[in-house]
Amino acid sequence: MTQASVTQTSAAPPVAFPLVSGLAAAAQAMPVALIAALPGLIYVAGFDHLAYCIGLLAGIVLGGVWVAPKLAASGAASATEALAMRFGVTVARLAAAVVVLVVLSLLVAEFALVDAMANALEVPGSSAIVAMLALGVLGALLLGDRLFRAVAAIAFVLLSASLLIPLALLAYKAHGAGFPLTDYGRTFSEIATLEEKLLGAGLVDFDTFSGHVSAFLKMTPLDMVALIITLALGVAVFPPLLASVASARRPAAARLAGAWTALLVMVVLLSAPALAAYAKLEIYGALTSATPLSKLPPWLEAPMHAGLARIHGTSVDLIESAAFAVWTGADTASSVSGLLLNEAARTQWAALDPETREVVFGAARTLATEPGASAWDLYQSVVIPAAARAQGNADLTLSQAALAIEPTGLLLALPEMTGAPRVVLPVILLGIGSAALVMVMTLMRTLLSLRATVVARLEGPSWRRIALVVIASAVSAIAAAISTIDKELLTTAVVGSLSLAAAGLFPAVAIGLSWRRATAFGAAAAIVAGAGLALYYEAGTKAFPAAFYETWPALSNASEPAIEEYNALTEAWREAEQGDAKDAAQTALDDWARGTATRPGLANWRGIDGAVSAIFAVPVGIVVLIVVSLLTPRRRQALPS
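Because the structure is predicted, anything quoted here is derived from the model rather than measured.

A. Molecular detail of the overall build of the chain. Each helix and strand counted, the chain has 28 helices and 2 strands in total. When burial is assessed residue by residue, the chain has 53% of its 641 residues classed as buried. A sequence separation of at least 24 residues applies to 80% of the contacts in the chain between residues at least 6 apart. Surface summary for the chain: the accessible area is close to 26000 Å², and the carbon and sulfur share equals 65%.

B. Examining helix α17 (residues 354-369) more closely. With 16 residues, α17 ought to run about 22 Å at 1.5 Å a step, and its terminal C-alpha atoms sit 22 Å apart, in line with that. All buried positions along α17 are accounted for by Thr-356, Val-360, Phe-361, Ala-363 and Ala-364. For α17, the arc enclosing every buried residue in end-on projection is 165 degrees, short of the 170-degree limit, so these residues lie on one face. Of the exposed residues in α17, those oriented more than 90 degrees away from the buried face are Pro-354, Glu-355 and Thr-369.

C. Quick look at a nonpolar patch on the surface. Taken together, the side chains of Val-623, Ile-626, Val-627, Leu-630 and Leu-631 make up a nonpolar region of the molecular surface, amounting to roughly 460 Å² of accessible area. Position of Val-623 relative to the elements: it lies in helix α28 (residues 614-631).

D. Representation of the environment of Asp-609. Along the chain, Asp-609 falls in the loop between α27 (580-594) and α28. Along the sequence, Asp-609 and Pro-180 sit 429 residues apart, while their C-alpha atoms lie 34 Å from each other. Not counting the four nearest positions on each side in its chain, Asp-609 is found in contact with Tyr-537 and Lys-542. For Asp-609, the side chain forms a polar contact with the main-chain nitrogen of Ala-611, separated by 2.9 Å.

E. Just the packing of aromatic side chains, in detail. Per the counting criterion, the structure on display carries 15 aromatic pairs. Relative to Phe-188, the ring of Tyr-184 lies with its centre 5.7 Å away and its plane at 85 degrees, an arrangement referred to as edge-to-face. By relative accessible area, which is 22% here, Phe-188 ends up partly exposed. Summarising the aromatic geometry, the rings of Tyr-536 and Phe-548 are spaced 5.6 Å apart at their centres and angled 45 degrees between planes, so their arrangement reads as tilted. Linking Tyr-536 in helix α24 (residues 520-542) with Phe-548 in helix α25 (residues 545-551), this pair joins segments that are 12 residues apart in sequence. We classify Tyr-536 as partly exposed; its relative accessible area is 36%. It is Arg-445 that lies over the ring of Phe-148; its NZ or CZ is 4.2 Å from the centre. Over the aromatic face of Trp-592 sits the side chain of Arg-599, whose NZ or CZ is 4.1 Å from the ring centroid.

F. Here's a closer look at helix α3 (residues 32-45). Over its 14 residues, α3 runs 20 Å from end to end, which matches the ideal 20 Å to within 8%, given 1.5 Å per residue. Along its length, α3 reaches its greatest deviation from straightness, about 40 degrees, at Leu-38, and the proline Pro-39 lies no more than four positions downstream. At the exit of α3 stands Gly-46, carrying a positive phi of roughly 60 degrees.

G. Structural view of the confidence of the model for the chain. Residues with a pLDDT of 70 or more make up 92% of the chain, whose mean pLDDT is 87. Across residues 1-16 the pLDDT falls below 50, and counting only partners more than four positions away or on other chains, this stretch makes 10 contacts in the model. A low-confidence stretch, residues 636-641 stays under pLDDT 50, and its non-local contacts, those more than four residues away or across chains, total 16 contacts.

H. Main features of the nonpolar core. With 216 residues, the main nonpolar core has Ile-283, Leu-300, Ile-311, Trp-349 and Tyr-379 as its most contacted residues. Ile-311 has contacts with Leu-293, Leu-296, Leu-300, Met-304, Tyr-379, Ile-384, Leu-398, Ala-402 and Leu-403, leaving out every residue within four places of it along the chain.

I. How the structure looks around unusual backbone geometry. Here Phe-216, not a glycine, exhibits a phi torsion of approximately 60 degrees, which is positive. Tracing the backbone shows Phe-216 in the loop between α10 (187-200) and α11 (221-236). One non-glycine residue, His-312, lies in the positive phi region at around 50 degrees. By secondary structure assignment, the location of His-312 is in the loop between β1 (309-311) and α15 (316-327). The buried category is assigned to His-312, whose relative accessible area is 14%.

J. Representation of the pattern of salt bridges in the model. Tallied over the entire structure, the rule returns 6 salt bridges. Between Arg-445 and Asp-145 there is a salt bridge, with its nearest N and O atoms 2.7 Å apart. In this pair, Arg-445 is assigned in helix α20 (residues 424-449) and Asp-145 in helix α8 (residues 145-175), connecting sequence segments 300 residues apart. With a shortest N-O distance of 3.3 Å, Lys-542 and Asp-609 are connected by a salt bridge. Separated by 67 residues along the polypeptide, Lys-542 in helix α24 and Asp-609 in the loop between α27 and α28 bring together distant segments of the chain. On the basis of relative accessible area, Lys-542 is assigned to the partly exposed category, the value being 34%.

K. Fine view of the environment of Gly-144. Tracing the chain through its elements places Gly-144 in the loop between α7 (125-142) and α8. On the basis of relative accessible area, Gly-144 is assigned to the partly exposed category, the value being 36%. Considered as a pair, Gly-144 and Ala-510 are 366 residues apart in the sequence and their alpha carbons are 28 Å apart.

L. The side chain of Asp-590, seen in detail. Within the fold, Asp-590 resides in helix α27. One buried charged residue, Asp-590, forms no salt bridge at all, with the nearest opposite charge on Arg-594 at 5.0 Å.

M. Main features of the environment of Leu-500. Mapped onto the secondary structure, Leu-500 falls in helix α23 (residues 490-512). Sequence separation between Leu-500 and Ala-325 is 175 residues; the distance between their C-alpha atoms is 37 Å. Beyond its immediate sequence surroundings of up to four residues, Leu-500 is in contact with Val-98, Leu-101, Val-102, Leu-505, Ala-531, Ala-534 and Leu-535.

N. Examining the packing of α15 against helix α18 (residues 375-390) more closely. For the pair α15 and α18, the least separation of the axes is 9 Å and the interaxial angle reads 110 degrees. Here α15 is positioned roughly perpendicular relative to α18, judged by the angle of their axes. Of the residues in α18, those in contact with Val-316, Ile-319 and Glu-320 of α15 are Ala-375, Trp-376, Tyr-379 and Val-383. Its residues placed into classes, the contact of α15 with α18 shows 6 nonpolar, no polar and 1 charged.

O. Fine view of the side chain of His-212. Mapped onto the elements of the fold, His-212 is located in the loop between α10 and α11. Among all residues touching His-212, those that are not within four sequence positions of it are Ile-42, Gly-46, Phe-47, Phe-188, Ile-191, Glu-195, Ala-277 and Lys-280.

Reading guide: rules and limits
- Residues numbered from 1 in each chain as written.
- Predicted model: local features only at pLDDT ≥ 70, side-chain atom pairs only at ≥ 80, totals over all residues.
- Heavy atoms only, no water.
- Helix = DSSP H or I, 4+ residues; strand = E, 2+ residues; numbered from the N terminus.
- Buried < 20%, exposed > 50% of the residue type's maximum accessible area, 1.4 Å probe, protein only.
- Contact = heavy atoms within 4.5 Å.
- Areas by Shrake-Rupley, 256 points an atom, 1.4 Å probe, with all protein chains shown as cover.
- Expected span 1.5 Å × (residues − 1).
- Arc of directions from axis to C-beta.
- Patch = residues over 30% accessible without salt bridge, like charges linked within 9 Å, V, L, I, M, F, W, Y side chains within 5 Å.
- Salt bridge = Lys/Arg side-chain N within 4 Å of Asp/Glu carboxyl O.
- Polar contact = N/O pair within 3.5 Å; in protein donor to acceptor, adjacent residues only side chain to side chain.
- Phe/Tyr/Trp six-rings, centres within 6.5 Å; stacked < 30°, edge-to-face > 60°.
- Lys NZ or Arg CZ within 6 Å of the ring centre and 35° of its normal.
- Bend = angle between axes of the 7 residues up to and from the residue.
- pLDDT = per-residue confidence, 0-100.
- Core = buried A, V, L, I, M, F, W, Y, C linked by side-chain atoms within 4.5 Å.
- Lys, Arg positive; Asp, Glu negative; His and termini not counted.
- Axes fitted to C-alpha atoms, helices over the stretch in contact; angles between N-to-C directions.
- Parallel < 35°, antiparallel > 145°, perpendicular 65-115°, else oblique.
- Nonpolar A, V, L, I, M, F, W, Y, C, P; charged D, E, K, R; others polar.

Written as structure tokens, this is what we have:
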């Protein structure tokens, strides 16, 4: 062994501190936006959405004990650098393009989470996003590896505390002293009793209601398998996770750090179903108590301000958005829609009946013109009664059919559910926000690390490195701007980005780096085929659903009635005159083919959602890698085992 290699080995992080490395890696193992949504996801669909927890944990184990040690053995600091060492810079640049797309989407989700938390605290979301962007850029550029690792470890501790403290308080409120991570099973019978009361009183909407402990009500077994595999493979090649675990520089140390990461993340993941159970107990208790709409529970205020909870299709955020429209020039209810900046607010506004729109507009005008007006008071006293009467809720009481909470919205409601003072909410959100800030820094550092392979392996002129910093900052700024469009799609954005990571990176990184016969042509073809198919499927099913269905009708799982309705809409589109009528008919056709959260669409392959396209793309990428590699010669030496 040479002196240089001895020096490099001795400089590696010591195995004696695996816990700190595990904490730092855990903070970078998966997007905070998805962690924040987990309790709400399980609240919405019960056991079906435990697939999220299973997939995430499986991915961390797979990445920590298999993929990251390969990187550590090669001496590479990142997946793209390992690909450059093995296959050349062209393959690394293709992988870098996938990484940029993944990071862009994940940054959008993180900034959307920050926006929601700021709105819950009645702070302008744009100001919070700008502050997060500035701190993220400074942290990514100025913090060294050791200091950043310490900051990340602290952030993960704060994130864990932000979830476990409300869990402990809710558990104590429900059952007294105990261990909430295991004792929450006692709530299942209580939840079942409350569900029976809701059903008996006719207070549920069967499109959104499901039994908490019943399986396969919201997802089919195929859907669950697709989600688990997509998340597992996406997290296994998640660039920040690999870079953090592989920083141990030795395979054994990397595996140990990966094991610690999985253990620590498992504690956080175990808190999600427990939080969902205790929250459902609290919420269903309010629903079965005939709570008047004029006296809403205080825990609804924060998610209502964030636009992540709605009653009869309205929210406080809708009034505030309409008030901004009034302030910018809307003088009638019909002119509000064009001035709403938030996509979720535009969707809510479009779904309201004309009378309710007039009432919301009146409340918005009051809020915009009277400095002392309270959006929450206006909402309870003016908007909710009108919306309830329009929906036939003559009793003006809260019901499951009337109440809709987005997954992230449940997180904002948890502090108030505990009965703790109002000051607890900003403290808990501070812990989650610190973890989100670390994730933003992590994603920016991931972009900056691409210079090691994309910009002449750090040997190019300084202006190239400066250009990369500018590009990384621009990508982050674009993500910050996009994040304010629609916070309700936060979970879909995260899953879709992890799906793209799995499709574009897993065949080349997890298989290509382990298989000695893999070639540069095979790796490049696998990246293009996997990422291309994933992007095609997701874009086709979401953006061009009618065209997608007509291209692949034999692969759709659409029912006969759905197909008949689609054919009728197609005929209406053909007969419509050019102009607004034609556009409206096309929109109706696309909406029917796309489907909704409660109605499956026609644009799919065997019913698989576009966000989990990796279930198709990864096998295709692996097959392409194998076939092309066997048909082309090797040009470089394989990585050491």
